[in-house]
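The chain contents come next:
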Amino acid sequence: MDWGTLHTVIGGVNKHSTSIGKVWITVIFIFRVMILVVAAHEVWGDEQEDFVCNTLQPGCKNVCYDHFFPVSHIRLWALQLIFVSTPALLVAMHVAYYRHETVRKFRHGERTNEFKDLEDIKRQKVRIEGSLWWTYTSSIFFRIIFEAGFMYVFYFLYNGYHLPWVLKCGIDPCPNLVDCFISRPTEKTVFTVFMISASVICMLLNVAELCYLLLKVCFRRSKRTQTQRNHPNHALKESTQNEMNELISDRGQNAITGFPS
Amino acid sequence: MSWMLLRDLLSGANKYSTGIGRIWLVIVFIFRLLVYIVAAEHVWKDEQKEFECNIRQPGCENVCFDYFFPISQVRLWSLHLIMVSTPSLLVVLHVAYCEGREKRHRKKLYVSPGTMDGGLWYTYLISLIVKNGFEIGFLLLFYKLYDGFNVPYLMKCDLKPCPNTVDCFISKPTEKTIFTFFLVITSCLCIVLNFTELSLLVLRCFIKCCLQEYSKTFESSGCECHHLKYVECGEIGAPRLLQSHCSSFDISIPQKPEAKLLCNSQED
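Identification of chain B as Gap junction protein from Heterocephalus glaber is taken from an unreviewed UniProt entry. Quoted straight from UniProt, the Subunit (unreviewed entry) entry for chain B says "A connexon is composed of a hexamer of connexins." Per UniProt, chain B carries the Sequence similarities (unreviewed entry) text "Belongs to the connexin family."

Taking an unreviewed UniProt entry as the reference, chain A is identified by name as Gap junction protein belonging to Heterocephalus glaber. UniProt's Function (unreviewed entry) comment on chain A is quoted here verbatim: "One gap junction consists of a cluster of closely packed pairs of transmembrane channels, the connexons, through which materials of low MW diffuse from one cell to a neighboring cell."

**Student:** Which residues make up the overall build of chain B, and what values do they have?
**Tutor:** Looking only at helices and strands, one finds 7 helices and 3 strands in chain B. Counting from the amino terminus, helix and strand elements in chain B follow one another as α-α-β-α-α-α-α-β-β-α. A total accessible area of about 14500 Å² is found for chain B, and carbon and sulfur atoms account for 62% of it.

**Student:** Quick one: what's the story with the UniProt feature "transmembrane region" (unreviewed entry) in chain A, residue by residue and with numbers?
**Tutor:** Residues and elements named next belong to chain A. In the numbering adopted here, UniProt assigns the feature "transmembrane region" (unreviewed entry) to residues 23-41, 77-98, 132-158 and 191-215. Secondary structure within residues 23-41 divides into 100% helix and 0% strand; the distance between the first and last C-alpha atoms comes to 25 Å. The distance from the first to the last C-alpha atom of residues 191-215 is 36 Å, and the span holds 100% helix and 0% strand.

**Student:** Give me the lowdown on the layout of surface pockets, citing residues and values where you can.
**Tutor:** Quantified by volume, the largest pocket comes out at close to 1800 Å³. Broken down by secondary-structure element, the contributors of at least two residues to the lining of the largest pocket are α1 (3-14), α5 (87-107) and α6 (118-123) of chain A together with α1 (3-14) and α2 (19-43) of chain B. Its residues assigned to classes, the lining of the largest pocket shows 17 nonpolar, 10 polar and 8 charged.

**Student:** Could you give an account of unusual backbone geometry, naming the residues involved and the relevant values?
**Tutor:** Cis peptide bonds are those with omega within 30 degrees of zero, and the linkage from D172 of chain A to P173 of chain A qualifies with 10°. Secondary-structure assignment places P173 of chain A in the loop between β2 (166-169) and β3 (178-181). Note that the residue after K160 of chain B, namely P161 of chain B, is joined by a cis bond; omega there is 5°. Note on placement: P161 of chain B falls in the loop between β2 (154-157) and β3 (166-169). In the Ramachandran plot, K172 of chain B falls in the positive-phi region, its phi being about 50° despite a non-glycine side chain. Tracing the sequence through the fold places K172 of chain B in the loop between β3 and α7 (173-216).

**Student:** Can you tell me about the side chain of N62 of chain A, naming the residues and giving the values?
**Tutor:** Tracing the chain through its elements places N62 of chain A in helix α3 (residues 60-68). Assessed through its relative accessible area of 1%, N62 of chain A is described here as buried. In terms of polar contacts, N62 of chain A uses its side chain to reach the backbone carbonyl oxygen of F169 of chain B, at 3.2 Å. Aside from chain neighbours lying at most four places away, what touches N62 of chain A is Q48 of chain A together with E50, E52, F169, I170 and S171 of chain B.

**Student:** Give me the nonpolar core: which residues, what numbers.
**Tutor:** The tendency in soluble globular proteins is for nonpolar side chains to be buried side by side. Of all hydrophobic cores here, the largest spans 112 residues; its most connected members are W3, L36, F51 and C64 of chain A together with F51, C64 and F179 of chain B. Among the elements that take part in this core, α2 of chain B stands out by supplying 17 residues, more than any other. In contact with C64 of chain A, not counting residues within four places along its chain, are F51, C53, C169, C174 and C180 of chain A. L120, L125, L198 and C205 of chain B belong to the second largest nonpolar core, which has 11 residues in total.

**Student:** Explain the side chain of T18 of chain A to me, and be specific about the residues and the numbers.
**Tutor:** Residues and elements named next belong to chain A. Along the polypeptide, T18 turns up in the loop between α1 and α2 (19-43). Overall, the relative accessible area of 9% leaves T18 in the buried class. Among all residues touching T18, those that are not within four sequence positions of it are I128, Y136, E209, Y212 and L213.

**Student:** Any chance you could break down the state of the cysteines for me, citing the residues and the numbers?
**Tutor:** Applying the stated criterion to the full structure yields 6 disulfides over all chains. Across the disulfide, C60 of chain B is cross-linked to C162 of chain B (sulfur-sulfur distance 1.8 Å). The disulfide joining C60 of chain B to C162 of chain B has a torsion of about 105° about its S-S bond and is therefore right-handed. Here the residue C60 of chain B occupies a position in helix α3 (residues 60-68), and C162 of chain B occupies one in the loop between β2 and β3, the gap between them amounting to 102 residues. Pair check on accessibility: C60 of chain B and C162 of chain B agree, each one buried. When the bonded cysteines of chain B are numbered from the N-terminus onward, they pair as 1-6, 2-5, 3-4. Take the cysteines of chain A that form disulfides and number them in order along the sequence; they join up as 1-6, 2-5, 3-4. With no disulfide of its own, C202 of chain A lies closest to C211 of chain A among cysteine sulfurs, the gap being 16 Å. What makes C202 of chain A buried here is its relative accessible area of 0%.

**Student:** Quick rundown of the packing of aromatic side chains? Include the residues and the values.
**Tutor:** Tallying each qualifying case throughout the model produces 28 aromatic pairs over all chains. Relative to Y158 of chain A, the ring of F69 of chain A lies with its centre 6.2 Å away and its plane at 40°, an arrangement referred to as tilted. Linking F69 of chain A in the loop between α3 and α4 (73-85) with Y158 of chain A in helix α7 (residues 131-158), this pair joins segments that are 89 residues apart in sequence. For the pair formed by F69 of chain A and Y158 of chain A, the shared burial category is buried. With centroids separated by 5.2 Å and ring planes inclined at 45°, the aromatic side chains of F65 of chain B and F69 of chain B adopt a geometry described as tilted.

**Student:** Lay out the interface of chain B and chain A with the relevant residues and their values.
**Tutor:** Taken together, the 34 residues of chain B in the interface contact 30 residues of chain A. Approximately 2800 Å² of surface area, both sides summed, lies buried where chain B meets chain A, with 66% of it carried by carbon and sulfur atoms. Summed over the shared surface of chain B and chain A, the result is 3 salt bridges. Here E175 of chain B ties to R75 of chain A by a salt bridge, and the two come within 2.8 Å at their closest N and O atoms.

Conventions we followed
Chains are numbered independently. Their residues run from 1 in the order of the written sequence. Whichever chain is written first is A, and whichever ligand is written first is 1; the rest continue in order. Predicted model: local features are reported for residues with pLDDT of at least 70 only, side-chain atom pairs are reported and counted for 80 or more only, and whole-chain, interface and lining totals are derived from all residues. For side-chain calculations, the full set of non-hydrogen atoms in the structure is used, while hydrogens and water are omitted. UniProt positions are given in the numbering used here, feature names are shortened, and annotations may be inferred rather than shown by experiment. A run of H or I in DSSP becomes a helix once it reaches four residues, and a run of E becomes a strand once it reaches two; helices and strands are each numbered from the N terminus. To be clear on the numbers: accessible area is Shrake-Rupley with a 1.4 Å probe, and residue cover counts the displayed protein chains and nothing else. Using a grid of 1 Å spacing that covers the protein atoms alone, one calls a set of points a cavity when a 1.4 Å probe fits there but cannot get out, and a pocket when the set is open and has protein on both sides within 12 Å along at least five of seven lines; lining residues are those with an atom within 4 Å of a point. Grid points are joined across faces, edges and corners, and a volume is the space filled by probe spheres set on the points. Residues are grouped as follows: nonpolar covers Ala, Val, Leu, Ile, Met, Phe, Trp, Tyr, Cys and Pro; charged covers Asp, Glu, Lys and Arg; every other residue, Gly included, is treated as polar. Exposed residues in this analysis have more than 50% of their type's maximum accessible area, buried residues have under 20%, and partly exposed residues fall in between, with area computed by a 1.4 Å probe over protein chains only. We define a polar contact as two N or O atoms separated by no more than 3.5 Å, with the added condition that, inside protein, one atom must be a possible hydrogen donor and the other a possible acceptor, whereas residues neighbouring each other in sequence contribute only through side-chain atom pairs. Here a residue-residue contact requires only that any non-hydrogen atoms of the pair lie within 4.5 Å. In plain words, nonpolar cores are sets of buried Ala, Val, Leu, Ile, Met, Phe, Trp, Tyr and Cys residues tied together by side-chain atoms within 4.5 Å. We call a pair of cysteine sulfur atoms a disulfide when they lie within 2.5 Å. We call Phe, Tyr and Trp rings a pair once their centres come within 6.5 Å, taking the six-membered ring for Trp, and we label the pair stacked below 30 degrees between planes, edge-to-face above 60, and tilted otherwise. Accessible area, probed at 1.4 Å, shrinks when two parts are joined; the buried area is that loss added up over both. Any Lys or Arg side-chain nitrogen found within 4 Å of a carboxyl oxygen on Asp or Glu counts as a salt bridge.

Laid out in structure tokens, this is it:
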């Protein structure tokens, strides 16, 4: 179980996403997961080993490290990526449920004119409308909430996104205010800013996708009401015309049979 | 051999699970297994190296670490995950056994080996009970071993060869506490899901049985033979088996369109 498996699962949702959704998935896996795995892990790999305090007092380094880094950056990013990716599973579950129902109806002979066989049902791209629209919109909403939440937690925990090269620590058992030095602070700041920027981009993509979906629904509804307004008695006119046509054809038949042979 | 094997085995169990069972699998895969592999394992990576006691007496740190952490939390966590996932394999084994039987006898013995009726229903129920047992058992063990789920930053140790009560400092206690609570919360969520699934299965079976009894009062079964019992397959519940002991009798039973009569021969 690793990021590859998550990619496979989320990639399956890709088929039913909008174009913005597909871009979002790409940004998540290339600019965030891959960067986390190939680069960030190396930078933060020796974070505690190379965290040095200007004291020989045993325990002081441990306590100071724990105070300044209650959760490591990379762990927090890993949790953020997992939480941000999982709302897409709501869509996957909804699609799976829809397919299951379609297969059941197909087996009962209900929708045989729409699909040739079961493989056709599995290959079909499910459109984002009706209840799936609500599921998809909720998943985007949760994604935005999780992104914003984690960005706030990051800001709150580390007092901003910049890592200083020295921290002052006076917590027991440190005998006095000691200087503690973080390893590779500039490189860590660069990667932190990069990950935050990618997070902001993902959030903007999610907001854009949400707006797109809302506009699509509003546009579709206004088109429907416009059609109804232009042809208010369209249905009634049609049925009346049909009756008249039947009468005309019946009279024509009678007229024909009435001719002497 | 790695976690991939467990993932592949559990994916096989997915086919025969209920809806809630699939949600349980998703939670185990993503919020427990994935979090363990990508994050939690690394938090406890250097736990003994960074465990420091305020003493220079050789051996004191080793003895104190061993006393406070008889088994590492991360190893207990991995055992927990393995034990909790394996009861799902009972279901896979049951289906494989049914399919094996059908192959051996070269005839259809079951409506479908993967449908949740009869023996598979009981196997699924047992697997749920065992899963819950393991979840609760491991949580209690965790609680007892580490005196709660909180990891303190400082522990006092006076075991030999430490000359006096020394202060021992654990590395990354806050991060470890956060991940421990994450483990506990996901575990409790899985317990709730298992209980819900268990209740739903039992309730559905109860309702089906009541409906069957009710509908049978309006049918004419026509057969007084005490060797024969009527079976309805493909429905969730605990169906009764049809056993054709009396093959010499002429039996005429009115055929219900949805009922499938299967011969579960006594040769096995």
